[in-house]
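Notes for the structure review
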Amino acid sequence: MSKATDNVLSIRNLSIDYATQEGSLKALRNVDLDIPKGQIVGVVGESGCGKSTLISSIIQLMANNAKTTSGTVFFEGEDLLTMSPTKLKSLRGQRMSIVFQDPMSTLNPVLTIGKQMVDIQYRDKRSKSQKRQRSADMLAQVGIPDPASRLNQYPHEFSGGMQQRISIAMALQAQPALLIADEPTTALDATLEVQIIDMLKELQSSIGCSILFISHHLGVIAELCNQVVVMYAGEIVEQGPVSRVFKSPKHPYTQKLLECDPASIAKKTRNLPTIEGEIPNLSDLPAGCIFTSRCHKKTAQCEELKPKRHAVTQGATEKHFVTCHLESL
Amino acid sequence: MFIYLLKRVSLGLVIVVFAVTLLFCMIHLVPGDPARILLGPRATPEMIAHLSAQMGLDQPMAMQILKFFGNLLRGDLGMDVITNRPVAEIVFGQLPYTLWLIGSAIVGAMLIGIPLGCYSALHRNTWFDRFSGIISVACITAPAFVVALYSLLIFAVWLKWFPAVGAGEPGDFFDQISHLVLPAIAIGISWVGYLSRLVRASMLEVMGENHIRTARAYGLPENTVVYQYALKLAVLPTVTVIGVGMGFLLSAALFTEIVFSRPGIGKLIFDSITTRNYPVVMGSVLVSTIIFVISTAVSDLINAWLDPRIRNSL
Ligand SMILES: Nc1ncnc2c1ncn2[C@@H]1O[C@H](COP(=O)(O)OP(=O)(O)OP(=O)(O)O)[C@@H](O)[C@H]1O
Ligand SMILES: [Mg+2]
């Protein structure tokens, strides 16, 4: 019991397939992930490694062709996968909220920002003008000038970066227990990115929420997050406290990502460094380790045997895990 | 906005000029001298020449067209050569019947077709969706004049539920309504099917868009998501289609008015063509064309009102 309540979110053995014409695409496989209360967990990984799929499962708004083939997703002690739709709906926008990837399409194009921000407060008993005031305050917080009159405008009257900040304002307005952010700073310039990161930190400490933060920007992860999860082709290959993982990465994939000097991460890597080779076909997976084809340290057993998850530091309070044969010795 | 109106009006003018010119050409291609046919077999050459001059048929076609538009600018549509009444008076006397007919047909089709399409989209692949799909396609494929003939036979002649011919007593509202039912159904029924398919398709598309996922991610009630967030976007294509569809509605009205012997623009066009009463043909076709031009402009304006992105680009 005590263990479950320490984590806002606790995912176990989660696997998700997409039905496609080439057969089932195994987008997520046996994912284990905990988000402790009040912590910020970052997720990194190349495009297509299943980050958005993971999120869609947490909010239970998955694509029509998606199927959860195994696992549990416990949120505040209850399994979201077996929860009633009514209960789920009561959590959304209250206990958890989300900033989606692709800011230009996340807002309704024919309704004003004000209507959309007021509508999501429909559970509150306050008057409409109070709700508008609150939305204007939120917009001011994310750095939208003249927020009160901006509420009457439509999404297309804002730039991509502004739309992204509006999405963030909406998510924060809910004051959730878990905030999920899918690459929330991609459309922002560096100064704004810093502002938003500071704001997220501030919010995190003032309302004590947990954040699941997805980014390609290793520097931002290092700056913002307590924990980091490294994903590769639908699997988690390494996870642990940011300080440990970034200082002494164990998985060859993480090592490649961090190959540049860790001290200069913050400046140099707005985008994930590219690694030669391609992600394996998720409809036709190799027998052994998923990373073998691109691994510079592979051995004979990597081709045949799936590696197991190992704790790198025995006994430490903050666990550092890696899924690699090299570490099992 | 001003530029939009200017564009719209000039486009409308081009369409009208084009339609009128085409009609002049067609009239001249139809075999037989209009004046001779009008006057009957016993007309003397002098009478024919006199009538030709009166109708302006003795002048070159370009001259006739120019004169037509010249008169039009003064609000003069010419004179009916048979009754000697102004064409404008005749056409505008008949126009309300057709407008009522088309209006009730399309409004009825919208009231049934749009909710049907919404419901089908939201209950996709249920038996209801499949059933309404079959019915809709059946409705679309039924031509107005066939529906008109059969509904006339079944509901007017056989069951005697509705009157068969005419538009009802002027001033008697209920009589007029009961005369309107069958013709309106004959025109509207294919639109029920068409609109329901169209709304279903666009609703499905909109419901799959990212912003709907956002609305859901905030737990908004399903009714808010569907009727406030999705429907507004889903009806945009429908509005356009109805605006352009005014042309089809007018031609469907023509057949239906003939079958039900209902007064109206369609019947007027038909009668005046058979009697070679060309000034009346010209006048009624002109008015129909203007109605079409106006309705496409109105549908654009409605879309602009619904969608701020269109509004800004006007
Ligand atoms: N609806 C779908 N149907 C079929 N395949 C899908 C679907 N959605 C995602 N996928 C596939 O699943 C895999 C994971 O996709 P996902 O969107 O989760 O990646 P991501 O890590 O979020 O990538 P990015 O960084 O580009 O956003 C990809 O191979 C993608 O092609
Ligand atoms: Mg993604």
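**Some details on the overall build of chain B**
Tallying secondary structure elements over chain B gives 14 helices and 0 strands in all. Mapped from its N terminus to its C terminus, chain B presents α and β elements in the order α-α-α-α-α-α-α-α-α-α-α-α-α-α. Projected onto its principal axes, the C-alpha positions of chain B cover 85 × 55 × 35 Å. Across the 314 residues of chain B, 44% fall into the buried class. A separation of at least 24 residues holds for 70% of the contacts in chain B among residues at least 6 apart in sequence. Element-wise, carbon and sulfur atoms account for 72% of the exposed surface of chain B, whose accessible area totals about 16200 Å². When the 20 basic and 17 acidic side-chain charges of chain B are each reduced to a single mean position, those positions are 9 Å apart.

**Re the site of ligand 1**
All names here are of chain A. Near ligand 1 lie 17 residues; those nearest to it are Ser47, Lys51, Ser52, Thr53 and Gln101. Contact between ligand 1 and Ser52: an oxygen atom at 2.7 Å from a side-chain N or O atom of the residue. Look at ligand 1: alone it shows 630 Å² of surface, and the protein chains cover 69% of it. Those elements giving two or more residues to the shell around ligand 1 turn out to be β1 (7-20), β2 (23-36) and α2 (51-58). With 3 residues, the top contributor of residues to the shell around ligand 1 is α2. Tallied by class, residues from the shell around ligand 1 come to 6 nonpolar, 9 polar and 2 charged.

**Looking at the interface of chain B and chain A**
Listed per partner, the contact involves 22 residues of chain B and 28 residues of chain A. Linking chain B with chain A are 0 salt bridges, by the criterion used here. Connecting chain B to chain A are 11 residue pairs in polar contact (both at pLDDT 80 or more). Among the residues forming the side of chain B that touches chain A, the class breakdown is 8 nonpolar, 7 polar and 7 charged.

**Section: the coordination of the magnesium ion (ligand 2)**
Residue and element names in this part refer to chain A. Here the magnesium ion (ligand 2) is held by Ser52 (OG) and Gln101 (OE1), and the distances to it run 1.9 to 2.2 Å. Note that Ser52 is positioned in helix α2 and Gln101 in the loop between β6 (96-99) and α4 (113-119), a separation of 49 residues in sequence. For Ser52, a relative accessible area of 33% gives the class partly exposed. Using a relative accessible area of 31% as the deciding quantity, one classes Gln101 as partly exposed.

**Notes on the pattern of salt bridges**
Considering all chains together, one arrives at 16 salt bridges over all chains under this definition. In this structure, Asp124 of chain A engages Arg134 of chain A in a salt bridge whose closest nitrogen and oxygen atoms are separated by 3.2 Å. One end of the pair, Asp124 of chain A, is in the loop between α4 and α5 (128-141); the other, Arg134 of chain A, is in helix α5, and 10 residues separate them in sequence. When the shortest N-O distance is used, the salt bridge between Arg85 of chain B and Glu89 of chain B registers 3.4 Å. Judged by its relative accessible area of 45%, Glu89 of chain B falls in the partly exposed class. Look at the salt bridges and you will find they share partners, linking Asp124, Arg126 and Arg134 of chain A into a network.

**What to know about the sheet that holds strand β8 (residues 210-214) of chain A**
All names here are of chain A. The 8 strands lie next to each other as β6-β7-β8-β3-β9-β10-β12-β11, forming an open sheet whose pairing is mixed. The open sheet terminates on both sides in strands that have one partner only, identified here as β6 and β11 (309-311). Taking the axes of each pair of neighbouring strands and ignoring which way they run, one obtains an average angle of 20° across the sheet. As paired elements, β6 and strand β7 (residues 178-182) share 4 bridges and run parallel to each other. Residue pairing for β7: Met96 is matched across the bridge by Leu178. Along the sheet, helix α7 (residues 160-173) makes contact with β6 and β7, crossing β6 at roughly 175°.

**Focus on the environment of Ala217 of chain B**
Along the polypeptide, Ala217 of chain B turns up in helix α9 (residues 210-217). Given a relative accessible area of 2%, Ala217 of chain B falls into the buried group. Excluding its chain neighbours within four sequence positions, the residues that come into contact with Ala217 of chain B are Ile59, Leu61, Arg92, Gly93, Ile98 and Phe100 of chain A.

Calculation criteria
- Residues numbered from 1 in each chain as written.
- Chains lettered and ligands numbered in written order.
- Predicted model: local features only at pLDDT ≥ 70, side-chain atom pairs only at ≥ 80, totals over all residues.
- Heavy atoms only, no water.
- Helix = DSSP H or I, 4+ residues; strand = E, 2+ residues; numbered from the N terminus.
- Buried < 20%, exposed > 50% of the residue type's maximum accessible area, 1.4 Å probe, protein only.
- Contact = heavy atoms within 4.5 Å.
- Areas by Shrake-Rupley, 256 points an atom, 1.4 Å probe, with all protein chains shown as cover.
- Lys, Arg positive; Asp, Glu negative; His and termini not counted.
- Charge placed at Lys NZ, Arg CZ, Asp CG, Glu CD.
- Near = heavy atom within 4 Å.
- Polar contact = N/O pair within 3.5 Å; in protein donor to acceptor, adjacent residues only side chain to side chain.
- Nonpolar A, V, L, I, M, F, W, Y, C, P; charged D, E, K, R; others polar.
- Salt bridge = Lys/Arg side-chain N within 4 Å of Asp/Glu carboxyl O.
- Donors = N, O, S within 2.8 Å, 3.2 Å for Na, K, Ca; no water.
- Pairing = 2+ DSSP bridges.
- Axes fitted to C-alpha atoms, helices over the stretch in contact; angles between N-to-C directions.

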